[in-house]
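Chain residues, written in single-letter form:
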Amino acid sequence: MPSLPSVPGTDPTKCVLDSFRIAIAQKLSNALPLTLEQAFSGVDYGKKGEDFTVALPRFRIPGKLEETAAKVIDSFQSDEWVEAVVLDKSFLHFRVNTKSMIREVLNQIDSLTRSSPTGEATYGTNDSGKGKKVIIEYSSPNIAKSFHVGHLRSTIIGAFLANLYKACGWEVISMNYLGDWGTQFGLIATGFEKYGSQAELEKDAIKHLFDIYVAINKDAESDPSVKAAAAQWFKRMEDGDEDALKNWRVWREMSVKKYEKEYERLNVKFDVYTGESKVGKESMDAALEKLETMGLISDSDGAKLVELEKWKLGKAVVRKKDGTSIYLTRDIGGAIERYEKYKFDKMIYVVSSQQDLHLAQFFKVLELMGFPWAKDLVHINYGLVQGMSTRKGTVVFLDQIIKEAGNVMHEQMMKNEEKYKAVEDPEETALEIGITGVKIQDMAAKRIGNYTFNWDRMKSFEGDTGPYLQYAHVRLASIARKNPTLTPLPPSSEIQTELLAQYAHARDIAFLLGTYPDVVKVAMKTQEPSGVVTFAFRLAHAISSAWDSVIVKGEEDLEKARAKLYLYECAREVLGAAMRLLSLRPLERM
């Protein structure tokens, strides 16, 4: 291929379409009074079947638009990078050289996945975050309260962000900040004496503690002494009374073990399990003292407040009347401790939009305290899910959501007897497809929007659903199995990819595959999984459209059959990469 100049911010070794964009930018800057960088900034992906589009008005070049366009078109010469340009109103549409594009895209995918020297697939990754460290705090359920759908959203979005930051070269610390402290533990401790059972606790700690919590809360409604006993109990815990802490430690440990199993099912892994209880009293006291010294605290009825009206953030309570700590104080102490321990470049809190004010107050207080890293704290918020109780309409625990998703999918699979028999472990497969259905329904729309969960949509193989994505991947994985005479494929240099140029569907797939590294970069800017989900569906649809024209089985020309299989193998790699980025486990059979 003809050599090209380099443009800052591009990396053709990771995203080969950068080369084609540079080639277009070079043609623009040769014909117009633009630097290569200026020209490059105007080369966008095209719509409606166009490869790349340039909106000429954006350059504000003096003179008539038609004359500007004519300069580009008159000086245009096709080459191995770009084959055509057309004017459409104020847009120039560029079409890249089909044979070169298909070859370069597929060979890059192959060299960064199947033939990667390290054995690690890196297509779609970049080094933009190299040398930087991010803490992502997500999921954060309350021990002994139900793991509700809000926690599930936080888990799904947080796991995606952890994968995304890793793909962009960051060092990522995934952190689960458990609700493992507070007056509710005083209540549970009081309730455990009355309703506790060691056997039930060992069977399912989270459920048993929740049942106790519900029962003792009922008692507290009619008997005020229960609340007083609970408050006293929690005060003992805060004061470090060993007898009061002993049981609590066991409950916490058992709950974490149970959560780990459930997270493993969801393909989610935490580097650190921390919690409100882990925030040191010293850091909280020191933070309060600093706020006092700086004159930021006012007293109200014995409670301590930080005045934030000036920033339209109301009053933030940092200590209750009885002297016990409160969320905000613990969050402040926790953030200070984390910075001292990890020296992060960014810390992300994945918390629902209902907590927007709390997080805004928390960040503002740290800023007022003069911590320069307060500007590196980010709140990634999300809307609510409606309608996600189990089919019986009861309160939803994480394991119930997982089981329910698997059951719903299993019933669906059993409707096709023949296919069902061919699946090695149908229940395990059903569970994986069910989890995919839950996750995709969650990530398909912009995260800030509320959405209504729909069990029927979750299990559908039609339209843009999780099962449809898994099905697309399974179909791609089956091509090599059904054509054993074509495998293993020869090295990429010996595959005649130019034979694919005659198929419009093959061209569409290859170009789409080439855009994946940019899809990852855009997701990094928006912090949204929905763009990656949209890409995965576009790719699945493009592949589905190609089945009838780009056929491998029965292709008599060996070279053509190999080239087609090579295209589908590269598509499988990229669809799999997008699914893994979304924390899904791509299936080989179903």
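The structure displayed is predicted, hence computed values, not measured ones. (Residues numbered from 1 in each chain as written. Predicted model: local features only at pLDDT ≥ 70, side-chain atom pairs only at ≥ 80, totals over all residues. Heavy atoms only, no water.)

*Asks:* Teacher, can you tell me more about the overall build of the protein here?
*Replies:* The number of helices and strands found in the protein is 21 helices and 14 strands. When the backbone C-alpha atoms are referred to their principal axes, the protein occupies close to 85 × 65 × 40 Å. Partitioning the intrachain contacts of the protein with sequence separation of at least 6 by distance along the chain shows that 72% fall at a separation of at least 24. For the protein, the separation between the mean place of its 78 positive charges and that of its 82 negative charges on side chains is 2 Å. (Helix = DSSP H or I, 4+ residues; strand = E, 2+ residues; numbered from the N terminus. Contact = heavy atoms within 4.5 Å. Lys, Arg positive; Asp, Glu negative; His and termini not counted. Charge placed at Lys NZ, Arg CZ, Asp CG, Glu CD.)

*Asks:* What is the right way to read the sheet that holds strand S1 (residues 43–45) from this model?
*Replies:* In any sheet, the strands associate via hydrogen bonds between backbone groups, in a parallel or an antiparallel arrangement. Within the open sheet, the 4 strands sit side by side as S1-S2-S4-S3. Their pairing is antiparallel. A strand with exactly one partner marks an edge of an open sheet, and here the two such strands are S1 and strand S3 (82–88). Pairs of neighbouring strands in the sheet enclose a mean axial angle of 30 degrees, with direction left out of account. Inspection of the sheet shows strand S2 (residues 52–55) paired to strand S4 (residues 91–96) by 4 bridges, in the antiparallel sense. If you follow Thr-53 over to S4, its bridge partner there is His-93. Against the sheet, helix H19 (residues 504–526) contacts S1, S2 and S4, and its axis sits at roughly 115 degrees relative to S1. (Pairing = 2+ DSSP bridges. Axes fitted to C-alpha atoms, helices over the stretch in contact; angles between N-to-C directions.)

*Asks:* Looking at this structure, how should I read the sheet that holds strand S10 (residues 315–319)?
*Replies:* Read across the sheet, 3 strands follow the order S8-S9-S10 without closing on themselves; strand pairing throughout is antiparallel. Here the strands that pair on one side only, and so sit at the sheet edges, are strand S8 (297–300) and S10. This sheet shows a mean twist of 40 degrees between the axes of neighbouring strands, independent of strand direction. Where strand S9 (residues 303–307) lies against S10, 4 bridges are found, and the strand directions are antiparallel. Paired with Val-306 across the strands is Ala-316, a residue of S10.

*Asks:* How should H19 be read in this particular structure?
*Replies:* Three- or four-residue spacings in an α-helix give side chains the same orientation, since the helix completes a turn every 3.6 residues. Look at H19: 32 Å from first C-alpha to last across 23 residues, which is about the 33 Å you get at 1.5 Å a residue. At Tyr-516, H19 shows its largest bend, some 35 degrees, and a proline, Pro-517, comes one to four positions later. Positive phi appears at Gln-527, one or two residues downstream of H19, with a value of about 60 degrees. (Expected span 1.5 Å × (residues − 1). Bend = angle between axes of the 7 residues up to and from the residue.)

*Asks:* Any chance you could explain the pattern of salt bridges here in plain terms?
*Replies:* Side chains bearing opposite charge may pair, as long as their charged atoms lie close to each other. Taken as a whole and judged by the stated rule, the model has 41 salt bridges. Close ionic contact of Arg-58 with Asp-44 constitutes a salt bridge, the shortest N to O distance being 3.5 Å. Within this pair, whereas Arg-58 is found in the loop between S2 and helix H3 (65–75), its partner Asp-44 is found in strand S1, the two being separated by 14 residues in sequence. Arg-58 sits in the partly exposed class, given a relative accessible area of 42%. The closest approach of N and O atoms between Glu-309 and Lys-315, which form a salt bridge, is 3.7 Å. The structure contains a network of salt bridges with shared partners spanning Asp-110, Arg-114, Glu-569, Arg-572 and Glu-588. (Salt bridge = Lys/Arg side-chain N within 4 Å of Asp/Glu carboxyl O. Buried < 20%, exposed > 50% of the residue type's maximum accessible area, 1.4 Å probe, protein only.)

*Asks:* For this particular structure, what's the right way to read the packing of aromatic side chains?
*Replies:* For any pair of aromatic rings, geometry is given as the distance between the ring centres together with the angle between the planes. Throughout the structure, instances matching the rule amount to 24 aromatic pairs. Seen from their ring centres, Tyr-45 and Phe-511 are 6.2 Å apart, and the 85 degrees between their planes marks the pair as edge-to-face. In this pair, Tyr-45 sits in strand S1 while Phe-511 sits in helix H19, placing the two residues 466 residues apart along the sequence. A network of ring pairs unites the aromatic residues Tyr-138, Tyr-259, Tyr-263, Phe-270 and Tyr-273 as a single cluster. Taking NZ or CZ as reference, Lys-290 lies 4.5 Å from the ring centre of Phe-371, over its face. (Phe/Tyr/Trp six-rings, centres within 6.5 Å; stacked < 30°, edge-to-face > 60°. Lys NZ or Arg CZ within 6 Å of the ring centre and 35° of its normal.)

*Asks:* Would you mind showing me how to read helix H8 (residues 205–222) here?
*Replies:* Between its first and last C-alpha, H8 extends 27 Å over 18 residues, near the 26 Å set by a 1.5 Å rise per residue. Every buried residue belonging to H8 is among Ala-205, Ile-206, His-208, Leu-209, Phe-210, Ile-212, Tyr-213, Ile-216, Asp-219 and Ala-220, and all of these are buried.

*Asks:* Hey, could you run me through the nonpolar core in this one?
*Replies:* The tendency in soluble globular proteins is for nonpolar side chains to be buried as a group. With 168 residues, the main nonpolar core has Leu-28, Phe-94, Ile-136, Ile-509, Leu-513, Tyr-516 and Tyr-568 as its most contacted residues. The dominant element in this core, judged by the number of residues it contributes, is helix H21 (residues 558–581), at 14 residues. Counting residues in hydrophobic clusters, the runner-up holds 32 residues, among them Ala-287, Leu-313, Ile-336 and Leu-359. (Core = buried A, V, L, I, M, F, W, Y, C linked by side-chain atoms within 4.5 Å.)

*Asks:* Please explain the environment of Ser-492 as it appears in this structure.
*Replies:* Note on placement: Ser-492 falls in the loop between helix H18 (466–482) and H19. Residues Ser-492 and Ser-115, spaced 377 residues apart in sequence, show a C-alpha to C-alpha distance of 9.1 Å. If sequence neighbours within four positions are ignored, Ser-492 has contacts with Asn-107, Asp-110 and Tyr-566.

*Asks:* Looking at this structure, how should I read the environment of Gln-232?
*Replies:* Examined against the element boundaries, Gln-232 turns out to sit in helix H9 (residues 224–238). C-alpha separation for the pair Gln-232 and Gly-186, spaced 46 residues apart in sequence, amounts to 7.4 Å.

*Asks:* Could you clarify how one ought to interpret the side chain of Glu-569 in this entry?
*Replies:* In this fold, Glu-569 is placed in helix H21. If sequence neighbours within four positions are ignored, Glu-569 has contacts with Arg-114, Leu-476, Ala-480 and Leu-489.

*Asks:* Even after reading the chapter, I still don't get the pairing of strand S11 (residues 346–350), so can you show me in this structure?
*Replies:* Regular strands place their side chains on alternate faces of the sheet. Of all 5 residues in S11, 4 are buried, a share of seventy percent or more. In terms of strand pairing, strand S5 (residues 133–137) meets S11 through 4 bridges, oriented parallel. Considered in S11, the bridge of Ile-136 is made with Ile-348. With 4 bridges joining them, S11 and strand S12 (residues 377–380) adopt parallel strand pairing. Among the inter-strand pairings, Met-347 is bridged to a residue of S12, identified as Leu-377. A crossover connection joins S11 to the parallel S12 through helix H13 (residues 356–368); in handedness this β-α-β unit is right-handed. (Right-handed = clockwise from strand over helix to strand, strands pointing away.)

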